[in-house]
Amino acid sequence: MNRHMVLVAIVGAIATTAGAQFATQPAAPVHSHPAQGNGTTYHYNANGSSAGRTTTSGNNAYHYNANGSSAGRSTTSGNTTRNYNANGSSAGRSQATGTGTTYHYGANGASTGRSTTSGNTTYHYNANGSSAGRSVTSGNTTYHYDAQGRLTGTSRAPGGK
């Protein structure tokens, strides 16, 4: 399973320094490029301020907002990632297809969108199929753009500068 596809889609949890709402689809202003294996990925909004972090350990990813408070967690098993909010309630799931496309579902099971990866770019779409933006990875840094092509944030995995 490509953790990049799944975590890019679910770390809408690290939303802004104003607070974090756990989401199962791409959400401006910040998405994530995950650490491979164990490690911490730091998230920044478009003006360079901290937007939180994600710490991975095995099949689990723990999400924190900029204040260090829990924003939820995600657990991967096979090609499915289950997402939980800070209270431990279900926040939905993501299902990778193995063909570069990941489908995202809310806690009620309804589709919230999809992500498609091609090379170093992941394209995000909402439930209606409209563009919700894209993420482009270069080295250990991922740049996140909204549907209009504006930079909304960056994420840096371990080893990034």
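Everything that follows concerns the structure shown earlier in this document.
Not measured: the values here are computed from a predicted model. (Residues numbered from 1 in each chain as written. Predicted model: local features only at pLDDT ≥ 70, side-chain atom pairs only at ≥ 80, totals over all residues. Heavy atoms only, no water.)

Caption draft 1: Highlighting the pattern of salt bridges. Counted according to the given criterion, the structure contains one salt bridge. Here D146 ties to R150 by a salt bridge, and the two come within 2.7 Å at their closest N and O atoms. Residue D146 is classed as buried on the basis of its relative accessible area, which comes to 14%. Judged by its relative accessible area of 51%, R150 falls in the exposed class. (Salt bridge = Lys/Arg side-chain N within 4 Å of Asp/Glu carboxyl O. Buried < 20%, exposed > 50% of the residue type's maximum accessible area, 1.4 Å probe, protein only.)

Caption draft 2: Representation of the pairing of strand 11 (residues 141-145). Of the strand pairs in this sheet, strand 10 (residues 131-138) and strand 11 are connected by five bridges, and their pairing is antiparallel. Paired with T137 across the two strands is T142, which belongs to strand 11. From the end of strand 10 to the start of strand 11, which pair antiparallel, there are two residues, and G139 there has a positive phi angle of about 65 degrees. Pairing analysis gives five bridges linking strand 11 to strand 12 (residues 151-156), with the strands arranged antiparallel. (Pairing = 2+ DSSP bridges. Helix = DSSP H or I, 4+ residues; strand = E, 2+ residues; numbered from the N terminus.)

Caption draft 3: The side chain of T81, seen in detail. Within the secondary structure layout, T81 lies in strand 5 (residues 80-84). Given a relative accessible area of 0%, T81 falls into the buried group. Among the polar contacts made by the side chain of T81, one reaches the side chain of T76 at a distance of 2.9 Å. (Polar contact = N/O pair within 3.5 Å; in protein donor to acceptor, adjacent residues only side chain to side chain.)

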